[in-house]
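Read off the chains here:
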Amino acid sequence: RSCAPPRRATEPSSQGIPKNRLPLLLLLCLSLPALAGDFWRGPDGALLPDTGSHQTKRGFSGAVVITADPDWSANWHAPGTGVPAVTEADEVRRGGQLAILIFFANPKLDAARKADVRCDIEVLRPDGSVSANQKNLVCYQGPSLGDERHTYLAAPVVKYQAEPADLAGRWTVKVTLRDGGRRVT
């Protein structure tokens, strides 16, 4: 499905997170070099600058969204032409769940019109120790899904449940996307 990068909700209640939430913050970092964005557009069609969560390099674009919305998948996969809503979250309370979503757009296709998009995902606890470290995961590999300029959801979706024994504090999610056709990271 095609969409602009999801926008942050303006009120905590719209994210379904109570005001007395446990301060388990998630800092997300998309480790693509910071270059002026030429792909992500806002609702008004204006180009958005690169940020830590969405970036573009040589035409290949990637974005990371962390959501607490249990219906994100149904919204994303719903039929229709509208832009699906994916609400971002940066906190979760114990017992709560998050999904880390990776989006990409405009992968370069090879002569057979196939894309090869891979990623590394690293999750760090507040004390700096590694909670998860996955390398060279297939985000998408295969024939063109249609218009390469549309935004596509990558295959790996990381689900997180805040357990009672989990450290409170800022967790860090690092995602490195690679477009094999452009040889861009």
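Residues numbered from 1 in each chain as written. Predicted model: local features only at pLDDT ≥ 70, side-chain atom pairs only at ≥ 80, totals over all residues. Heavy atoms only, no water.

Visitor: When you look at the overall build of the chain in this model, what are you seeing that I'm missing?
Guide: When helices and strands are tallied, the chain shows one helix and 10 strands. Secondary structure of the chain in N-to-C order comes out as β-β-β-α-β-β-β-β-β-β-β. For the chain, the proportion of its 185 residues judged to be buried stands at 43%. Sequence separation of at least 24 residues holds for 70% of the intrachain contacts in the chain that already meet a minimum separation of 6. If you sum the accessible surface of the chain, you get close to 9,500 Å²; carbon and sulfur atoms cover 52% of it. (Helix = DSSP H or I, 4+ residues; strand = E, 2+ residues; numbered from the N terminus. Buried < 20%, exposed > 50% of the residue type's maximum accessible area, 1.4 Å probe, protein only. Contact = heavy atoms within 4.5 Å. Areas by Shrake-Rupley, 256 points an atom, 1.4 Å probe, with all protein chains shown as cover.)

Visitor: Please explain the pattern of salt bridges as it appears in this structure.
Guide: Pairing is possible between side chains of opposite charge, provided their charged atoms come close. What the rule picks out here adds up to three salt bridges. Of the charged contacts in the structure, one is a salt bridge between Arg118 and Asp116, with a shortest N-O distance of 3.2 Å. Take Asp116: its relative accessible area is 25%, and that puts it in the partly exposed class. For Arg182, the salt bridge goes to Asp179, with nearest N and O atoms at 2.7 Å. Residue classification places Arg182 among the buried positions, given a relative accessible area of 17%. (Salt bridge = Lys/Arg side-chain N within 4 Å of Asp/Glu carboxyl O.)

Visitor: I would appreciate a short explanation of the pairing of strand E3 (residues 60-67) in the present structure.
Guide: Looking along a regular strand, one sees the side chains alternate between the two faces of the sheet. For E3, a buried count of eight out of eight residues is recorded, marking the element as mostly surrounded by other parts of the structure. Of the two faces of E3, the one carrying Phe60, Gly62, Val64 and Ile66 and the one carrying Ser61, Ala63, Val65 and Thr67 are both buried. Sheet topology note: the strand E2 (residues 54-57)/E3 ladder contains four bridges and is antiparallel. Considered in E3, the bridge of Thr56 is made with Ser61. (Pairing = 2+ DSSP bridges.)

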